[in-house]
Amino acid sequence: MSLKRIALRDFVIVRELDLELAGGFSVLTGETGAGKSILVDALQLALGARAEAAVVREGAARAEITAEFDLPATLLPWLENAGFEAGDTLLVRRSIDAQGKSRAWVNGSAATATQLREIGEQLVDIHGQHAWQSLTRASSVRELLDAYAGVNTTRLGQLWAAWRTAQKQLEEARTAQDSLQRERERLAWQIGEVDKLAPGEAEWDELNVSHTRLANAQALLDAAQGAIDSLEGEESGATAGLSRAVDVLRAQSHLEPQFADAADVLASALAQAEDAAHTLHTYLRKTDLDPERLAELDERMSLWMSLARRFKRTPAELPALHAGWRDELARLDAAADLAALETAERRALDAFMVEARAISRDRTKAAPLLAKAVTQAMQGLGMQGGRFEVALEKLEQPGAAGVEEVAFLVAGHAGSTPRPIGKVASGGELSRIALAIAVTTSRLGTAQTLIFDEVDSGVGGAVAETVGRLMKQLGRDRQVLAVTHLPQVAACADHHLVVSKRGDEQGVSSGVAPVEGERRVAEVARMLGGERLSGTTLAHAKEMLGLA
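Residues numbered from 1 in each chain as written. Predicted model: local features only at pLDDT ≥ 70, side-chain atom pairs only at ≥ 80, totals over all residues. Heavy atoms only, no water.

A closer look at the overall build of the chain
Then step 1. For the chain, the count of helices and strands is 19 helices and 15 strands.
Then step 2. The C-alpha radius of gyration of the chain comes to 45 Å, more than 25% above the 24 Å expected for a compact globule of 548 residues.
Then step 3. Reported as C-alpha extents along the three principal axes, the dimensions of the chain are approximately 145 × 75 × 40 Å.
Then step 4. At a minimum sequence separation of 6, the contacts of the chain that also span at least 24 residues come to 68%. (Helix = DSSP H or I, 4+ residues; strand = E, 2+ residues; numbered from the N terminus. Rg over C-alpha atoms; globule rule 2.2 N^0.38 Å. Contact = heavy atoms within 4.5 Å.)

Details of the nonpolar core
Then step 1. Grouped together as the largest cluster of nonpolar side chains are 46 residues, with contacts concentrated most on L8, F11, L43, F69 and L90.
Then step 2. Among the elements that line this core, the one with the most residues is helix α1 (residues 38-46), at seven residues.
Then step 3. Not counting the four nearest positions on each side in its chain, L90 is found in contact with A67, E68, F69, L71, L75, L79, V106, N107, I119 and L123.
Then step 4. Judged by nonpolar contacts, the second largest core, of 44 residues, contains L145, L370, M378 and V489. (Core = buried A, V, L, I, M, F, W, Y, C linked by side-chain atoms within 4.5 Å. Buried < 20%, exposed > 50% of the residue type's maximum accessible area, 1.4 Å probe, protein only.)

With respect to the sheet that holds strand β3 (residues 25-30)
Then step 1. With respect to topology, six strands assemble into an open sheet ordered β8-β12-β13-β3-β14-β15, the strand pairing being mixed. If you trace the sheet from one side to the other, it starts and ends with β8 (124-127) and β15 (507-514), each paired once. Mean inter-strand twist for the sheet, computed between neighbouring axes without regard to direction, equals 20°.
Then step 2. Direction of pairing for strand β14 (residues 495-504) relative to β15: antiparallel, over a ladder of eight bridges. Within β15, the residue paired with V499 across the bridge is V512. (Pairing = 2+ DSSP bridges. Axes fitted to C-alpha atoms, helices over the stretch in contact; angles between N-to-C directions.)

Some thoughts on the environment of Q115
Then step 1. One can find Q115 in helix α3 (residues 113-123).
Then step 2. Considered as a pair, Q115 and W78 are 37 residues apart in the sequence and their alpha carbons are 9.8 Å apart.
Then step 3. If we skip the residues at most four places from it in the chain, Q115 touches W78, A82 and F84.
Then step 4. At 3.0 Å, the side chain of Q115 and the backbone nitrogen of T112 are in polar contact. (Polar contact = N/O pair within 3.5 Å; in protein donor to acceptor, adjacent residues only side chain to side chain.)

Quick look at the pairing of strand β6 (residues 102-106)
Then step 1. Judged from the five bridges that link them, strand β5 (residues 89-97) and β6 form a sheet pairing that is antiparallel. Pairing of I96 across the sheet is with S102, part of β6.
Then step 2. Counted along the chain from β5 to the antiparallel partner β6, the turn is four residues long, and its residue G100 has a positive phi close to 90°.
Then step 3. For β6 and strand β7 (residues 109-111), the ladder comprises three bridges, and the chain directions are antiparallel. The residue of β7 that forms the bridge with W105 is A110.
Then step 4. With antiparallel pairing between neighbouring strands as the criterion, β6 and β7 make up a hairpin whose turn holds two residues, including N107 at a positive phi of roughly 50°.

Side note on helix α4 (residues 138-149)
Then step 1. With 12 residues, α4 ought to run about 16 Å at 1.5 Å a step, and its terminal C-alpha atoms sit 17 Å apart, in line with that.
Then step 2. Buried within α4 we find S140, V141, R142, L145, D146 and Y148.
Then step 3. Downstream of α4 by one or two residues, G150 has phi in the positive range, about 75°. (Expected span 1.5 Å × (residues − 1).)

A closer look at the packing of helix α18 (residues 517-529) against helix α19 (residues 535-547)
Then step 1. Interaxial distance between α18 and α19 falls to 8 Å at its minimum, and their mutual angle equals 115°. On the basis of the axis angle, α18 is roughly perpendicular to α19. For the pair α18 and α19, the sense of crossing is right-handed. Contacts between α18 and α19 pair E518, R520, V521, A522, V524, A525, L528 and G529 from the former with T537, L538, H540, A541, K542, M544 and L545 from the latter.
Then step 2. Considering only residue class, the contact of α18 with α19 consists of nine nonpolar, three polar and three charged. (Parallel < 35°, antiparallel > 145°, perpendicular 65-115°, else oblique. Left-handed = near helix turned anticlockwise from the far one by under 90°. Nonpolar A, V, L, I, M, F, W, Y, C, P; charged D, E, K, R; others polar.)

Things to note about the packing of aromatic side chains
Then step 1. Using the criterion set out here, one finds seven aromatic pairs in the structure.
Then step 2. Judged by centre distance (5.9 Å) and plane angle (20°), the rings of W78 and F84 are stacked. Assigned by exposure class, W78 and F84 land together as buried.
Then step 3. One aromatic cluster is present, formed by W160, W163 and F352 through successive ring pairs.
Then step 4. For the cation-ring pair, R93 lies above W105, with the distance from its terminal atom to the ring centre recorded as 4.0 Å. (Phe/Tyr/Trp six-rings, centres within 6.5 Å; stacked < 30°, edge-to-face > 60°. Lys NZ or Arg CZ within 6 Å of the ring centre and 35° of its normal.)

Let's talk about unusual backbone geometry
Then step 1. At N107, a residue that is not glycine, the phi angle is positive and equals roughly 50°.
Then step 2. Along the polypeptide, N107 turns up in the loop between β6 and β7.
Then step 3. Even without glycine at this site, K312 takes up a positive phi of about 55°.
Then step 4. According to the relative accessible area criterion, K312 is exposed, its value standing at 70%.

Right, here's the structure in full:
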């Protein structure tokens, strides 16, 4: 057993519902328009389906759905990785407000819709009432076979996308060769012009500092000489005055001890002044006006400014501009390298084909097994002697899904040749084939709860009894919940739930309640003969339930 309980509040036309579910095979029945599929819709929302404001009951602020499951051991690693607490049960809750905004929780912790869908894939397998329509769509047919074969096509899709990207890049390069060549020539000329200058990364700043210093060399020399004169003048020089002051204070320090401290301070100042004078003398010896060097700097800076004006940039931007052009030229060279692009495209195709051939082998192996299983299921669904085949037709060119197309063929009776399912099968036959496939594939899945939402539409009589027996058989190993309008199916169920609609001063609402004994007999009789129950229909209903 998996789904233990489902609770709804203000969902569509359900005001409030708290329903406990049992294991085995349960059916959900009710009059047309009562909302038999509401539970299925609610469960799909709880497990991550797209939320819309329309599911909120009119006049309510929000709809709330709670589903409680037995926690399978296979889900424990997922819960741990996702950061959710694990207990004996798994509680999923979802709330949708009147604006369509949705919130979700797993075991009390906030969750995303994607996480709900990942949980749902492991807990519940839902087969809808329009499943037969997918049998005429190539993509759905292929997905059914892949699911049966256990094939995962995620990597195949990634390799296909990589190959298509490589193809596109190669085609664009071939088409754009002329324009690429012109652009390469323009960039190469611009780079060549800047190469003549060969600008260094920090050269412009260094040129500015050196030029400023040389352009003002005479003023700098005069300043240094003036400072030396002020420091070393015989009468008024700072060093001479400091020296005299130190001597005077030290001569009287035996009378006034505080003079010793002042003399030490002045002696330190004298030492610093002498160091400064030495530095200035060194500067004067090493510095000259150097008009030739100044002329060289003028010429170099002129080249920088001329090139910067040509490319409408500041001189300081030239090094970065030069590096950017080189990077762009390298990219264009790579784009123009058709040989490299052709090699990349060929490798991408080879990688795709390796994966596609591996998947093709899995499909080829699984196709006859699926065909045999569905053919066997068809025999009990009013298609005795019928045959189901899975055809794999090799494509002239590989596609996103591989190197073959998958088609379902069916022969409705013995001796006929299988033909494409959409051309030979009636609506009723399509429904029965879809049911046969659903039963066949359901036995393979790991989900402990199977839900069939009116998949038995289009069948009746003895075939309906077979459908009921098949679902009851599935219910021995799994929890099976079927929404049905067939009394033959309902009679086979272990548990019977009835959906009813009622009105009061607060409006119309739907409810679900289990029925047993005479109430169940009355519901099966209603399904047999309508609202007016007769002794005959009641007796027939009792007989059906007894036989089941």
